[in-house]
Amino acid sequence: MSDENLVKLHIDLPNHWAIGGESMWATPLENDLFRIENVPFFAYGLNFLDIVNATSDTEDLIPEIRFVETPSGHRTYRIMFDKELAREKQVELLESLEVHGATYERANGKDVAIDIKPEGDHLAVYEQLDEYEANGYLSFETCEARTEGSFDDLPE
């Protein structure tokens, strides 16, 4: 896959605790279908390699994700490292998850999206992150859908 073939998709997240919307890279397929090519950092119920339907309200706007057509089987967790935790320790903790089929993408120095492959052990990743959270290294959340028919957080 070449980056030249990727397009940006958008999703509004008006109820999200951190951001009002998110853009992500996708490969256009056909009939308004796209394959998500990065791990979502803020959306719930959306994962790496999901096939989504996305359309634009007007020609000057990038396509908006409407729904997941075909789930990929990947799972997403979100990590927020303690701001005092050294980068070397962060990498050590992240690399410890690889044995369970997890990879990661960084948003910045403390926020990380974890992708767990369909054949990975998401429960083992959860248990390991739970231990790291108990030790004060990080906080984390799972990213399954919060509201039916939406990729947004629950309204306050």
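For the structure given in this document, a descriptive report is provided here. (Residues numbered from 1 in each chain as written. Predicted model: local features only at pLDDT ≥ 70, side-chain atom pairs only at ≥ 80, totals over all residues. Heavy atoms only, no water.)

## A word on the overall build of the protein
At step 1: Assigned secondary structure in the protein consists of two helices and nine strands.
At step 2: Taken against the 2.2 N^0.38 rule, which gives 15 Å for 156 residues, the C-alpha radius of gyration of the protein at 16 Å falls within 12% of a compact globule.
At step 3: Along the first, second and third principal axes, the C-alpha atoms of the protein reach 50 × 35 × 25 Å.
At step 4: In the protein, buried positions account for 41% of the 156 residues.
At step 5: Computed over 12 positive and 34 negative side-chain charges, the separation of the two mean positions in the protein equals 5 Å. (Helix = DSSP H or I, 4+ residues; strand = E, 2+ residues; numbered from the N terminus. Rg over C-alpha atoms; globule rule 2.2 N^0.38 Å. Buried < 20%, exposed > 50% of the residue type's maximum accessible area, 1.4 Å probe, protein only. Lys, Arg positive; Asp, Glu negative; His and termini not counted. Charge placed at Lys NZ, Arg CZ, Asp CG, Glu CD.)

## Concerning helix α1 (residues 87-95)
At step 1: Where α1 is concerned, the buried positions are Gln90, Leu93 and Leu94. Seen end-on, α1 carries its buried residues on one side only, within an arc spanning 100°.
At step 2: Where the residues of α1 are buried, they touch β6 (75-81), β7 (102-106), β8 (111-116) and α2 (122-134). (Arc of directions from axis to C-beta. Contact = heavy atoms within 4.5 Å.)

## Some remarks on the nonpolar core
At step 1: Counting residues in hydrophobic clusters, the biggest one holds 16 residues, and the most contacted among them are Ile79, Phe81, Ile114, Val125, Leu129 and Leu138.
At step 2: Of all elements in the fold, only β6, α1, β8, α2 and β9 (138-142) reach the threshold of two or more residues within this core.
At step 3: With sequence-adjacent residues up to four places away left out, leucine 138 is seen in contact with Ile79, Met80, Phe81, Asp82, Leu129, Tyr132 and Glu133.
At step 4: With 13 residues, the next largest nonpolar core counts Ile11, Leu13, Met24 and Phe34 among its residues. (Core = buried A, V, L, I, M, F, W, Y, C linked by side-chain atoms within 4.5 Å.)

## Looking at unusual backbone geometry
At step 1: For asparagine 31, which is not glycine, the phi dihedral falls at a positive 50°.
At step 2: Relative to the assigned elements, asparagine 31 resides in the loop between β2 (21-28) and β3 (33-36).
At step 3: Its relative accessible area of 67% is what places asparagine 31 among the exposed residues.
At step 4: Although it is not a glycine, leucine 49 adopts a positive phi angle of roughly 70°.

## Examining a negative patch on the surface
At step 1: Taken together, Asp121, Glu127, Asp130, Glu131 and Glu133 make up a surface patch of like negative charges.
At step 2: Here aspartate 121 shows up in the loop between β8 and α2.
At step 3: Accessibility expressed as a relative area gives 39% for aspartate 121, which makes it partly exposed. (Patch = residues over 30% accessible without salt bridge, like charges linked within 9 Å, V, L, I, M, F, W, Y side chains within 5 Å. Areas by Shrake-Rupley, 256 points an atom, 1.4 Å probe, with all protein chains shown as cover. Salt bridge = Lys/Arg side-chain N within 4 Å of Asp/Glu carboxyl O.)

## Structural notes on the pattern of salt bridges
At step 1: Counted under the stated rule, the structure contains seven salt bridges.
At step 2: In this structure, the salt-bridge partner of lysine 89 is glutamate 92, at a minimum N-O distance of 3.1 Å. Here lysine 89 pairs with glutamate 92, and both are found in helix α1, just three residues apart, close to one helical turn.
At step 3: As a salt-bridge pair, aspartate 111 and lysine 110 come within 3.6 Å of each other at their nearest N and O atoms.

## With respect to the environment of glutamine 90
At step 1: Topologically, glutamine 90 is positioned in helix α1.
At step 2: Glutamine 90 gets classed as buried once you look at its relative accessible area, which sits at 3%.
At step 3: Taking C-alpha positions, glutamine 90 is 26 Å from isoleucine 36, a pair spaced 54 residues apart along the chain.
At step 4: When residues no more than four places from it in sequence are discounted, the contact partners of glutamine 90 are Phe81, Leu85, Arg106 and Gly109.
At step 5: Separated by 2.9 Å, the side chains of glutamine 90 and arginine 106 make a polar contact. (Polar contact = N/O pair within 3.5 Å; in protein donor to acceptor, adjacent residues only side chain to side chain.)

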